[in-house]
Each structure stands twice: as structure tokens, then as C-alpha cells.
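Chain residues, written in single-letter form:
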Amino acid sequence: DMLHGFFLLVAAIVLILREESLQKQYKRGKLGEMFSYAFHARYALLPMGFFAVYCGSIYNDMASVPLTLFASSWTSGASNGTYLVTSGGSDGSAATYSVYPYGVDWNWYHKANELAFFNSLKMKMSVILGVTHMVVGICLSALNYIFFKDFIGFWSEWLPRLIFMLATFGYMCIIIIVKWSTNYECQNNTDPFSLSCPNPDKQPPALIQTMIKMFLSPGNVPPDLALYEGQAFVQGFLICIAVLTIPVMLFAKPVVVHMRSKNKRRRRENGNYRSIAGSASDVDSDHELHVMLSSRAQNSMQSELVSHYDDLENGSHSHDAKVAAVRSQYSSSVPERAEQCGDSDGDDHDDGMGEALIHQGIHTIEFVLGAVSNTASYLRLWALSLAHAQLAKVFWSKMIIEYGVESGGALMLVCGYAVWAFATFGVLLCMDLLECFLHALRLHWVEFQNKFYHGDGLKFQPFRLPTDHEDLDE
């Protein structure tokens with residue numbers, strides 16, 4: 001929320017502004033273990049605090065208390081108790097529908113159907129953020145294909161993956177926005193958990209049922225799940241496209257690589273194959289053969305080259321000698337690995353083809369099933385937001401309102417405020433902050449990075465800030 005995010009933002013700014021003095025204290029060992037953790041994470045805490053304030057402004061939440069910056073678009077009618085009806089009359093008559101200028105209308109807070117409303121809102125926002133995050137990761141993987149000049153993988157892996165994600169869960173995000181943008185003119189009357197709509201044929205559909213029907217009954221949309229005209233055709237078309245991308249991801253690259261490898265082997269047998277153990281330009285021009293090697297051979301070769309380069313680093317060779325040795329090792333290894341993978345023998349090549357199909361099948365199944373599980377994994381954002389909001393609400397309503405203001409005593413108010421302040425700092429600003437950080441880190445590392453990061457044989461170098469080499473005694 002805005003209050004807790006503001007505290008975090010101010011703390012991060014102070015740590016950054018006092019970076020030099022705190023760095024010297026850390027080197028002397030006077031900073032303390034717990035405070036050192038926060039100091040090293042100062043550049044991560046800064047955007048966390050900023051976006052916490054931003055998301056809190058969207059939710060209109062300041063320590064569970066909404067800000068009444070604008071006039072509410074809703075009113076609580078006396079005839080309907082505390083339940084919300086549309087503005088324009090206590091019973092909803094002569095209603096005029098308006099949109100709250102920014103964020104969530106403050107009148108949703110502290111009502112009987114508050115939790116049901118925020119659950120739906122935060123769940124849909126988590127899905128939209130998650131799908132957007134994964135699509136960005138898929139787009140980043142295109143840079144890998146371009147950098148390694150794997151244009152076969154670009155057209156047979158990257159493009160089908162992007163189409164599959166957009167045709168399924170990208171479409172789900174679109175229908176969420178369509179439902180949000182549609183005015184059904186429905187109200188919560190005497191029952192806060194049911195809707196009364198003036199048009200029985202136009203009611204807000206359940207999007208979960210819409211997605212289930214989309215996969216189980218493509219091309220068939222029941223009237224109670226209709227969102228727009230032509231929905232049945234669009235969903236049927238998207239399902240067909242998504243299903244067709246699966247065999248493309250599975251078979252296209254192994255088959256194309258198999259045909260190209262077969263043609264190269266035939267040319268080599270006819271004496272027309274040019275040796276690649278030559279200049280650097282020869283190695284670059286025959287990069288396609290390196291791509292055709294199996295992943296196991298590639299990893300083995302990369303490990304040998306990295307080990308060889310490390311040996312050169314520890315020796316007295318010049319930089320040019322290092323580069324020449326590694327390049328020579330690479331040039332001589334490619335045809336040898338090609339023969340090991342079956343380029344020189346028909347039966348071994350068939351085995352290589354089968355291994356390539358198995359390898360491709362594993363990645364295809366992992367992506368298709370992962371698209372479902374990864375999307376569901378982003379719902380942790382909804383759970384974290386819900387837990388934080390409910391804890392803040394309990395602390396505020398109990399410590400400040402019930403035990404403080406309503407008790408009527410100044411001493412109880414001071415004690416209630418002290419308990420609220422310590423609980424807010426210890427639980428919401430320390431424990432809950434660490435929990436949110438770990439879950440966000442997990443989403444980046446697993447759901448996001450598995451779309452483009454593979455880590456095949458090269459040692460990971462983590463980001464680190466440059467150290468200060470100045471004399472501490474100065």
C-alpha cells in the first residue's frame with residue numbers, strides 16, 4: 001500500500017544517499033549483520049518502494065484506509081443496508097453510471113462484499129501481469145536465436161511459442177479487459193454476493209468457465225458466456241492455431257536439420273565438402289553445422305573449450321595466443337563432434353535424429369505445460385496482496401480503532417498506537433517485505449527466465465557493485 005511503500009522508498013533513498021559512509025562502516029565491520037543485508041539490497045529496495053506506492057495508489061490503500069480524494073461513484077442506500085448500489089438513488093432508480101477517476105473507488109472499502117470484489121480484481125490483475133511478463137521473456141529469447149544465427153529455431157520454435165502464448169493466455173487477458181470495459185448495468189441489491197441485471201440476456205460471464213468451454217467445446221459459446229459478437233468463431237480459430245503450433249515446435253526443427261545434414265553428408269562423400277578447420281571466417285560461415293549438433297555434444301565441447309581457455313588464463317600466453325588456441329580447438333572440434341553425432345554414418349545419423357526428436361519433444365512438452373503452470377504461479381501476487389491487505393486491516397481495526405479510539409481512554413490510544421507501530425514495522429515492513437521479495441525473485445528466475453535463459457556451460461557471473469579501493473584511514 002501507499003504508506004508502507006512510502007516508508008520503504010524513503011529508507012532506500014537514505015541508504016543510497018549515505019552510501020559512501022555506510023560502505024566504510026561495513027568494511028570496518030561496524031554496520032551490523034541485519035543492517036548489512038538491507039544496505040546491500042538498497043538498489044533493489046528503491047524500485048520496490050516506488051512500485052509499492054504506485055500499486056497502493058491503484059488500490060487506493062493506505063494501511064487499509066482508503067483516501068477520499070474524489071467523489072464516490074457509489075452510494076449506500078438506507079433500504080439496502082450497507083450494500084452498494086449504483087449512484088442515482090437509494091434504490092438504484094434513475095441511476096447514472098460513472099467511472100471513478102483513478103484507481104479503486106473508496107466506497108468499496110469496509111463493506112460486506114469488499115473481499116469478493118478485491119479478490120476478483122487482484123486475481124485478474126495478477127494474470128495480466130504474469131502473461132505480459134512471460135511474453136516479454138519469449139520476445140527476449142528471439143535475441144538468442146538472432147545472436148547465434150539459429151534462424152531455423154527462430155521460425156520453428158520462437159514464433160510458434162509466441163503464437164501459442166498469445167492465442168491462449170493472451171486471449172484470456174483480452175477478454176478480462178473486455179469484461180471490465182462492458183457496462184452490464186447490474187447492481188448489488190439486498191444480496192451483496194449476487195447481481196441484479198436489467199437485461200437477463202446480458203450478464204457478466206464467468207471467465208474461468210469461458211476458458212474451459214473454449215478448450216473443451218471450441219466454436220461453441222453458450223449465451224450466458226457470450227462477451228461479444230463473433231466470439232465462437234474467434235475462439236475456434238485461436239484454438240486451431242494454438243494446436244497447430246505444437247507439431248511445428250515438435251517436428252519442424254529436427255526434420256529441417258536432418259535434411260540439411262543429410263545433404264552436407266552427401267556433398268562430403270562426393271568430395272565437395274570444404275574443411276572448416278581454417279580461418280575464423282571459415283568457422284563463422286559453417287556455424288550452421290555447429291547448430292545441427294546435439295545438445296549433449298554442444299555442452300561437452302563448450303566445457304572443453306572453457307576449461308582450455310582457463311588453462312591459458314593461468315599460463316603465460318599472450319591474448320592473441322589464447323584466442324588462436326581456442327579458435328583452433330573450436331575449428332578442429334566441430335567436424336569431430338559432427339562425426340560423433342552421426343554425420344559420417346547413416347545408422348548413427350538416424351540415432352541422432354531420434355535423439356533430436358526426444359530432445360525437442362521434452363522442450364515442447366515443457367513449454368506447453370509450463371504455459372499453464374507458470375500462469376497459475378503468478379496468482380501468488382494475488383495471494384500476497386490479499387494477505388498484506390488483510391493483515392494491515394486487522395492491525396488498524398483492532399489496535400487503532402477498537403482498542404484505541406473506541407475505548408475512550410488516552411492511555412489505551414497510546415498503547416494501541418504503539419502496538420500498531422511495532423506490528424506494522426515487524427510484520428508488514430520486515431517479514432512481509434522479505435516474503436514479497438522472495439516470491440518476486442522466484443517469478444523472475446523460474447517463470448520469466450526459463451523463456452530465454454538456458455545456462456549451457458558458461459559460468460554465471462552475478463551482478464556486483466564496484467568496490468571502493470580508497471584507504472579507509474584517509
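Conventions and cut-offs
Residues numbered from 1 in each chain as written. Predicted model: local features only at pLDDT ≥ 70, side-chain atom pairs only at ≥ 80, totals over all residues. Heavy atoms only, no water. Helix = DSSP H or I, 4+ residues; strand = E, 2+ residues; numbered from the N terminus. Buried < 20%, exposed > 50% of the residue type's maximum accessible area, 1.4 Å probe, protein only. Contact = heavy atoms within 4.5 Å. Areas by Shrake-Rupley, 256 points an atom, 1.4 Å probe, with all protein chains shown as cover. Patch = residues over 30% accessible without salt bridge, like charges linked within 9 Å, V, L, I, M, F, W, Y side chains within 5 Å. Salt bridge = Lys/Arg side-chain N within 4 Å of Asp/Glu carboxyl O. Axes fitted to C-alpha atoms, helices over the stretch in contact; angles between N-to-C directions. Parallel < 35°, antiparallel > 145°, perpendicular 65-115°, else oblique. Nonpolar A, V, L, I, M, F, W, Y, C, P; charged D, E, K, R; others polar. Phe/Tyr/Trp six-rings, centres within 6.5 Å; stacked < 30°, edge-to-face > 60°. Lys NZ or Arg CZ within 6 Å of the ring centre and 35° of its normal. Core = buried A, V, L, I, M, F, W, Y, C linked by side-chain atoms within 4.5 Å. Left-handed = near helix turned anticlockwise from the far one by under 90°. pLDDT = per-residue confidence, 0-100.

Q: Honestly, the overall build of the chain in this entry has me stumped. Any pointers?
A: Within the chain, the regular secondary structure consists of 15 helices and two strands. Classification of the 474 residues of the chain by burial places 36% in the buried group. When contacts within the chain are restricted to residue pairs at least 6 apart in sequence, long-range pairs at least 24 apart make up 70% of them. Total accessible area computed for the chain in this model is approximately 27,200 Å², and 64% of it derives from carbon and sulfur atoms.

Q: Would you explain a nonpolar patch on the surface in this entry?
A: Side chains of F50, F51, Y54, L69, F70 and Y102 sit close together on the surface and give an oily, nonpolar patch of about 660 Å² of accessible area. Here L69 shows up in the loop between α4 (42–59) and β1 (74–76). According to the relative accessible area criterion, L69 is exposed, its value standing at 63%.

Q: How do you make sense of the pattern of salt bridges when you look at a structure like this?
A: Pairing is possible between side chains of opposite charge, provided their charged atoms come close. Counted according to the given criterion, the structure contains six salt bridges. A salt bridge links K253 to D150; the nearest nitrogen and oxygen atoms lie 2.9 Å apart. Here K253, found in helix α8 (residues 231–269), pairs with D150, found in the loop between α5 (114–147) and α6 (151–181); they are 103 residues apart in sequence, far enough to count as distant. Each member of the pair, K253 as well as D150, carries the same accessibility label: buried. Linking E447 and R442 is a salt bridge whose minimum nitrogen-to-oxygen distance equals 2.2 Å. Owing to a relative accessible area of 2%, E447 belongs among the buried residues under this scheme. Beyond isolated ion pairs, a larger network of salt bridges with shared partners links D150, E157 and K253.

Q: What is the right way to read the packing of helix α14 (residues 380–405) against helix α15 (residues 410–448) from this model?
A: Packed helices, taken two at a time, are described by the angle between their axes plus the distance between the axes. The N-to-C vectors of α14 and α15 enclose an angle of 175 degrees; their axes lie 9 Å apart at closest approach. Classified by the angle their axes make, α14 and α15 are roughly antiparallel. Each residue belonging to the contact of α14 with α15 can be placed in one class, and the counts come to 20 nonpolar, four polar and four charged.

Q: Mind showing me how you'd approach the packing of aromatic side chains here?
A: Between two aromatic rings, the relevant description is the distance of the centres plus the angle of the planes. Tallied over the entire structure, the rule returns 15 aromatic pairs. Between F6 and F7 the ring centres are 6.3 Å apart and the planes differ by 50 degrees, which places this aromatic pair in the tilted class. What makes F6 partly exposed here is its relative accessible area of 45%. On the accessibility criterion, F7 (39% relative accessible area) is partly exposed. Measuring from ring centre to ring centre gives 5.0 Å for Y109 and F118, while their planes differ by 55 degrees; the resulting arrangement is tilted. Given the relative accessible area of 5%, Y109 is considered buried. Take F118: its relative accessible area is 5%, and that puts it in the buried class. In this structure an aromatic cluster arises from ring pairing among W108, Y109, F117 and F118. Against the face of Y59 rests K122, its NZ or CZ located 4.7 Å from the ring centre. Taking the ring centre of F367 as reference, the NZ or CZ of R161 above it sits at 5.4 Å.

Q: Just to check I follow, could you spell out the nonpolar core for this structure?
A: Soluble globular proteins tend to pack their nonpolar side chains together in the buried interior. With 36 residues, the main nonpolar core has W158, M165 and F367 as its most contacted residues. Contributions of two or more residues to this core are made by α5, α6, α7 (207–216), α8, α13 (346–377) and α15. Sorting elements by how many residues they give to this core places α6 first, with twelve residues. With residues up to four places along the chain from it excluded, the contact list for W158 reads I138, C139, S141, A142, Y145 and G153. In terms of nonpolar packing, the next biggest core, distinct from the first, is built from nine residues, L3, A63, F395 and M399 among them.

Q: Mind showing me how you'd approach the packing of α5 against α6 here?
A: As a packed pair, α5 and α6 sit with axes 10 Å apart at the nearest point and diverge in direction by 160 degrees. Put simply, α5 runs roughly antiparallel to α6. In this structure, the crossing between α5 and α6 has a hand that is left-handed. Taken together, the residues of the contact of α5 with α6 break down into 23 nonpolar, three polar and three charged.

Q: What exactly am I supposed to notice about unusual backbone geometry here?
A: Glycine aside, residues mostly have negative phi angles, and peptide bonds mostly take the trans form. Positive phi, close to 55 degrees, is recorded for A63, a residue that is not glycine. Inspection of the secondary structure assignment puts A63 in the loop between α4 and β1. Judged by its relative accessible area of 4%, A63 falls in the buried class.

Q: Which parts of the structure should I look at to understand the confidence of the model for the chain?
A: Parts of the model with low pLDDT should not have their predicted coordinates read in detail. The share of residues in the chain with pLDDT of 70 or more is 72%, and the mean pLDDT across the chain is 78. Note on residues 273–299: pLDDT under 50 across the span, and 51 contacts to partners over four residues away in sequence or across chains.

Q: Is there a simple way to think about the environment of T375 in this case?
A: For T375, the location among the structural elements is in helix α13. Since its relative accessible area comes to 6%, T375 is described here as buried. Each C-alpha atom, one on T375 and one on V127, is 6.6 Å from the other, the two residues being 248 residues apart in sequence. Leave out the neighbours within four places in its chain, and T375 touches V127, V131, M134, F169, M172 and G370.

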